[in-house]
Amino acid sequence: MSFSPYTDNGGTCVAIAGPDYVLIAGDTRMSDGYNILHRDIPKLSQFNENIVMGTAGMHADMIGLRKELGIRQQEYEYQARTKMGVAAFAQLLATTLYNRRFFPFYTFNILAGVDTKDNTCAIYTYDAVGCVLKAPYAASGAGESLVLPVLDAELKARDPVTAEEAKRVLTAAFRAADEREISTGDTLMIWTMRPGQEIVKETMPLRRD
Amino acid sequence: MATEAMAGVPSKFRKTGTTIVGVLFEGGVALCSDTRATAGNIVVDKNCLKQHYIADNVWCLGAGTAADTEAVTMQISHELRLLQFETGRVVPVTAAITAMKRHLWKYQGHVSAALICGGVDSTGAHLSSVWPHGSTDSLPFLTMGSGCLAALSVLERGWRRGLTKEEGVSLGIEAVKAGIFNDMGSGSNVDVVIIDGEGTERRRNTVKPGTESRGADVL
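Just so it is clear, the structure is predicted and the values come from calculations on it, not from any experiment.

Conventions used here
Residues numbered from 1 in each chain as written. Chains lettered and ligands numbered in written order. Predicted model: local features only at pLDDT ≥ 70, side-chain atom pairs only at ≥ 80, totals over all residues. Heavy atoms only, no water. Helix = DSSP H or I, 4+ residues; strand = E, 2+ residues; numbered from the N terminus. Buried < 20%, exposed > 50% of the residue type's maximum accessible area, 1.4 Å probe, protein only. Contact = heavy atoms within 4.5 Å. Buried area = accessible area lost by both parts, 1.4 Å probe. Salt bridge = Lys/Arg side-chain N within 4 Å of Asp/Glu carboxyl O. Polar contact = N/O pair within 3.5 Å; in protein donor to acceptor, adjacent residues only side chain to side chain. Nonpolar A, V, L, I, M, F, W, Y, C, P; charged D, E, K, R; others polar. Core = buried A, V, L, I, M, F, W, Y, C linked by side-chain atoms within 4.5 Å. Phe/Tyr/Trp six-rings, centres within 6.5 Å; stacked < 30°, edge-to-face > 60°. Lys NZ or Arg CZ within 6 Å of the ring centre and 35° of its normal. Pairing = 2+ DSSP bridges. Axes fitted to C-alpha atoms, helices over the stretch in contact; angles between N-to-C directions.

J.: So what exactly am I meant to see when it comes to the overall build of chain B here?
T.: From N to C terminus, chain B includes 6 helices and 13 strands. The principal-axis extents of the C-alpha atoms in chain B amount to approximately 65 × 45 × 25 Å. Of all 219 residues assigned to chain B, the portion counted as buried reaches 51%. Of the contacts formed within chain B by residues at least 6 apart in sequence, a portion of 62% connects residues at least 24 apart.

Structure below.
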């Protein structure tokens, strides 16, 4: 038997941004094949009050990546004597991922943040090796292909929607993944970020089968 | 020969990543199944039926490739109907099991049907599992499919000689529920078919543990 360094722990992350809010959500199931390893493992990582990362893919690599980013963030904040902004963090995540171009972190990330300079909200989506895309909404992980078409239909070519409407769309889209994708389930964590405000953290029960 | 042409062809068809359970009780047999059908990681049917009619007194549960379980049980059902016309008697359960294992053995495992067959005839209640290669087990409680480990742990703990009908049924339901929650290939609802001396009783969606675990849209 040869060494295989990767596992897929399943799960889905979604984010939606508006002019004065950004939502980021993820389910809490961690699985391996047909087995559920844990029903309450968050996929969201908070780096400061303005930066949250959602990670699907391999859980061990999520922990490793989060640790490395945390160290680099602290280093930055000591040297610059200022809190790290989303744009800087987005670039840091891209370079950190690309540094492992030939032995990648098996993670599929979404970054949600509030830019404190101009009070705008942003979402960045990544592939495993650091290709970045700035987007108004994004999904990643096992349920990505189920969630994105719903978000396209509900949000594309529409005026910015309210945070409440965005949350309704997000839960409806996540419901699709919950119902039809087997590795997505248990609990949905939804975090709402707004400029100058604390992050509002909510949960919603999902299917446990 | 057809089997040679099929060798090495991967079977990426609709699979019933399944939990199926059979329980013998005093005077009869209960067959319980989940209702999730999957293709890879996607649920293609949230409420499919895994019970198959063999004869009025013999029913079958299927795990594996949906087309295979469907085709095999259909063929054996017709075969047994002919046998019934010939003999003019209630068909024995063992006739169904023998027909299934001969068919599956002939195809050397390429027909991916894992079956649990139960019924009542003049010699009493019977319960057997038939594996894709054609081997059979005859035991007082049985489980197959991807959720079989979860279900078996419940059956090992709960089964005893002399279970009443309702005790047997609820043990079967609990075993399938263990599969529904702990095996991602299994999910949604529980279907039951009960066969005893009185006749056959079918309970479709008798409990809905998967569906009910889904919370309301609170946000």
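J.: How should I be thinking about the interface of chain B and chain A in this particular structure?
T.: Where interface size is given, it is often the accessible area lost as the parts come together that is meant. Between chain B and chain A, the residue contacts involve 28 residues of the former and 25 residues of the latter. Interface area for chain B against chain A, summed over the two sides, is near 2300 Å², with a carbon-plus-sulfur share of 53%. At the boundary of chain B with chain A, the tally comes to 3 salt bridges. The closest approach of N and O atoms between Arg 36 of chain B and Asp 209 of chain A, which form a salt bridge, is 3.3 Å. Connecting chain B to chain A are 12 residue pairs in polar contact (both at pLDDT 80 or more). Going through the elements one at a time, strand 5 (42-45), helix 5 (165-182) and helix 6 (209-213) of chain B are the ones with two or more residues in the side of chain B that touches chain A. A per-element tally of the side of chain B that touches chain A places strand 5 of chain B first, with 4 residues. Residues that form the side of chain B that touches chain A fall into these classes: 9 nonpolar, 13 polar and 6 charged.

J.: Please clarify how the nonpolar core should be interpreted in this entry.
T.: One recurring pattern in soluble globular proteins: nonpolar side chains tend to sit buried together. Residues and elements named next belong to chain A. Of all hydrophobic cores here, the largest spans 22 residues; its most connected members are Val 14, Ile 16, Val 147, Leu 151, Leu 155, Leu 170 and Leu 188. Counting only elements with at least two residues in this core, the list comes to strand 1 (12-17), strand 2 (22-27), strand 10 (137-141), helix 3 (144-155), helix 4 (163-180) and strand 11 (187-193). Residue contributions to this core peak at 7 residues, all from helix 4. Ignoring anything within four residues of it in the chain, the contact list for Val 147 reads Thr 12, Val 14, Ala 139, Ala 173 and Ala 177.

J.: Where do I start with the packing of aromatic side chains in this structure?
T.: Within a pair of aromatic rings, the relevant descriptors are the distance that separates the centres and the angle that separates the planes. Residue and element names in this part refer to chain A. The full count for this structure, using the stated rule, is 6 aromatic pairs over all chains. Seen in terms of ring centroids, Phe 47 and Phe 89 are 4.6 Å apart; in terms of plane orientation they differ by 45°. Their pairing is tilted. Separated by 42 residues along the polypeptide, Phe 47 in strand 5 (residues 44-48) and Phe 89 in helix 2 (residues 86-98) bring together distant segments of the chain. Residue Phe 47 is classed as buried on the basis of its relative accessible area of 12%. Here Phe 89 falls in the buried class, since its relative accessible area comes to 0%. With a centroid separation of 5.4 Å and 80° between ring planes, the pair formed by Tyr 106 and Phe 108 is classed as edge-to-face. Taking relative accessible area as the criterion, Tyr 106 reaches 28% and is therefore assigned partly exposed. Of the aromatic side chains, those joined through ring pairs into one cluster are Tyr 6, Phe 103, Tyr 106 and Phe 108. Above the ring of Phe 103, the side-chain terminus of Arg 100 is found at 5.0 Å from the ring centroid. The ring of Phe 105 has Arg 100 lying over it, and the distance from NZ or CZ to the ring centre is 4.3 Å.

J.: What's the story with the pairing of strand 1 of chain A in this structure? I'm lost.
T.: As a general feature of sheets, a regular strand has side chains that alternate between the two faces. Residues and elements named next belong to chain A. With respect to burial, strand 1 is a largely interior element, 6 of its 6 residues being buried. Residues of strand 1 alternate between two faces, with Thr 12, Val 14 and Ile 16 on one and Cys 13, Ala 15 and Ala 17 on the opposite face, all of them buried. Judged from the 5 bridges that link them, strand 1 and strand 10 form a sheet pairing that is antiparallel. The partner of Cys 13 across the bridge, within strand 10, is Ser 140. In this structure, strand 1 lies alongside strand 2, joined through 5 bridges in antiparallel fashion. The residue of strand 2 that forms the bridge with Ile 16 is Leu 23. Hairpin geometry of strand 1 and strand 2 is characterised by an intervening segment of 4 residues between the two adjacent antiparallel strands.

J.: Please explain the environment of Leu 148 of chain A as it appears in this structure.
T.: Residues and elements named next belong to chain A. Looking at where Leu 148 falls in the secondary structure, it is placed in helix 3. Look at Leu 148 and you get partly exposed, because its relative accessible area is 26%. Along the backbone, Leu 148 and Phe 174 are 26 residues apart, and their C-alpha atoms lie at a distance of 9.7 Å.

J.: Just checking my understanding: could you explain the sheet that holds strand 6 (residues 51-57) of chain A for this structure?
T.: All names here are of chain A. Read from one edge to the other, the open sheet built from 5 strands follows the order 5-6-7-8-9, with strand pairing classed as antiparallel. Single-partner strands in this sheet number two, and they are strand 5 and strand 9 (132-134). Recorded for the sheet is a direction-independent mean angle of 20° between the axes of neighbouring strands. Contacting strand 5, strand 6 and strand 7 (107-115), helix 1 (residues 59-80) crosses the sheet at an angle of about 5° to strand 5. The strands that helix 2 touches are strand 5, strand 6, strand 7, strand 8 (120-126) and strand 9; relative to strand 7, the one it contacts most, it runs at about 165°.

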